[in-house]
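Structure at a glance
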Amino acid sequence: MSAAVHHPVYTGDDGTLLDVAGAIATEWAALGVRGSFLARNIDTGGQLGFDIEESTPLASVAKVPIALVTLDRIASGDLDPAHPVTVDPGTSSVGPTGLAAFRHPATVAVGDLLLLMLSVSDNAAADALLDLVPVADVDARLRAWGCDGIRVRHRMNHLYECAAGAAGNDFSLALELAVRDERTGRHTIETLDPAHANAGSAAALVGLLQRVWCDEIAGPGATAELRRLMGLQVFTQRLASELRADSLRWSGKTGTFLHLRHEIGVLEADSGDRVAMAALTRAGRRAGLAADIDLAIGVAGREAFEALRG
């Protein structure tokens, strides 16, 4: 029996915006990509997208709400950004960047752990922060702020622990399982199940970004620092790839794990336009590298910005 054809639920304030959303969804489908997308002009409220309420495992996009809660603790005086934390590679979280890739213990201040977590998506830095601000506290704070469409349920290293539990040390097998389970809806790897993962919807993530950029959540010191740190992200192969110009400023956070390729962020133009975006994708093929998917995400960002700018 063939898989059921998916029909996206579109969002758009007029026919032109709906057409842009439809073109993006069609392009993604042609690449074998399922997912959700939302772009919103923060100041006019104009928006376009599809499947914006669908909950998706966030991978490293979860580091944005983790950072906001941590920064709120700092702003309230409950946590010192200069507090030193020693991270030992022998017991820390795994990952390809930052402290997670270190071979020797290193002592880093809390404020710089935040920088590493957001600029190079350092898993060890993220989990070191979660030693200070536990997962349950992060999730509870999100509930208190009314961020009901975003859940933080586990540490970053749990992604790898669950993949190893299902596939041993064979990452290619884990990727095969992820793609297979995407078709069947049964999740062998627990952290790819939205009911158990750090998860969120495009609508909830764009809503969070809008509140951060408008200083409508946490304290203004926390939101200002989060904006600054997201502006330092070094990965530019997705939403920012088609939005490179001296007149544009991109602040974002990617998330990548097995078949997941995400990014959220805000584009600010010298013209005054501010567009928040969330692109959450799940590939239907086994590919550790997929430049065509990254490019399609970038094209989506450019087309959405052009359609929504004033």
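Refer to the preceding data block for the structure.
The following paragraphs examine the structure supplied in this document. (Residues numbered from 1 in each chain as written. Predicted model: local features only at pLDDT ≥ 70, side-chain atom pairs only at ≥ 80, totals over all residues. Heavy atoms only, no water.)

**Digging into the sheet that holds strand S4 (residues 56–57)**
- The antiparallel open sheet is built from three strands, whose spatial order is S4-S8-S7. Unpaired on one side and paired on the other, S4 and strand S7 (150–151) mark the two borders of the sheet.
- As paired elements, S7 and strand S8 (residues 199–200) share two bridges and run antiparallel to each other. Paired with Arg-151 across the two strands is Ala-199, which belongs to S8. (Pairing = 2+ DSSP bridges. Helix = DSSP H or I, 4+ residues; strand = E, 2+ residues; numbered from the N terminus.)

**Structural notes on the nonpolar core**
- Core analysis: the largest hydrophobic core is formed by 74 residues, its most contacted members being Met-117 and Leu-226.
- Top contributing element to this core by residue count: helix H8 (residues 202–213), with nine residues.
- Those residues in contact with Leu-226 that lie beyond four places of it in its chain are Val-64, Ala-67, Leu-68, Leu-71, Leu-118 and Val-212.
- Grouped together as the second largest cluster of nonpolar side chains are 32 residues, Phe-50, Leu-239, Ala-287 and Ala-304 included. (Core = buried A, V, L, I, M, F, W, Y, C linked by side-chain atoms within 4.5 Å. Buried < 20%, exposed > 50% of the residue type's maximum accessible area, 1.4 Å probe, protein only. Contact = heavy atoms within 4.5 Å.)

**A closer look at the environment of Thr-97**
- By the element assignment, Thr-97 lies in the loop between strand S5 (84–87) and strand S6 (106–109).
- When near neighbours in sequence (up to four residues on either side) are disregarded, Thr-97 contacts Val-120, Ser-121, Asp-122 and Phe-235.
- At 3.5 Å, the side chain of Thr-97 forms a polar contact with the backbone oxygen of Ser-121. (Polar contact = N/O pair within 3.5 Å; in protein donor to acceptor, adjacent residues only side chain to side chain.)

**Some remarks on the packing of aromatic side chains**
- On inspection of all chains with the given rule, the structure shows six aromatic pairs.
- Ring plane angle 80° and centroid distance 6.1 Å describe the contact between Trp-28 and Phe-37, whose orientation is recorded as edge-to-face. Across this residue pair, the class does not change: Trp-28 and Phe-37 are buried.
- Following the ring pairs from residue to residue traces out a cluster consisting of Tyr-10, Trp-28, Phe-37 and Phe-50. (Phe/Tyr/Trp six-rings, centres within 6.5 Å; stacked < 30°, edge-to-face > 60°.)

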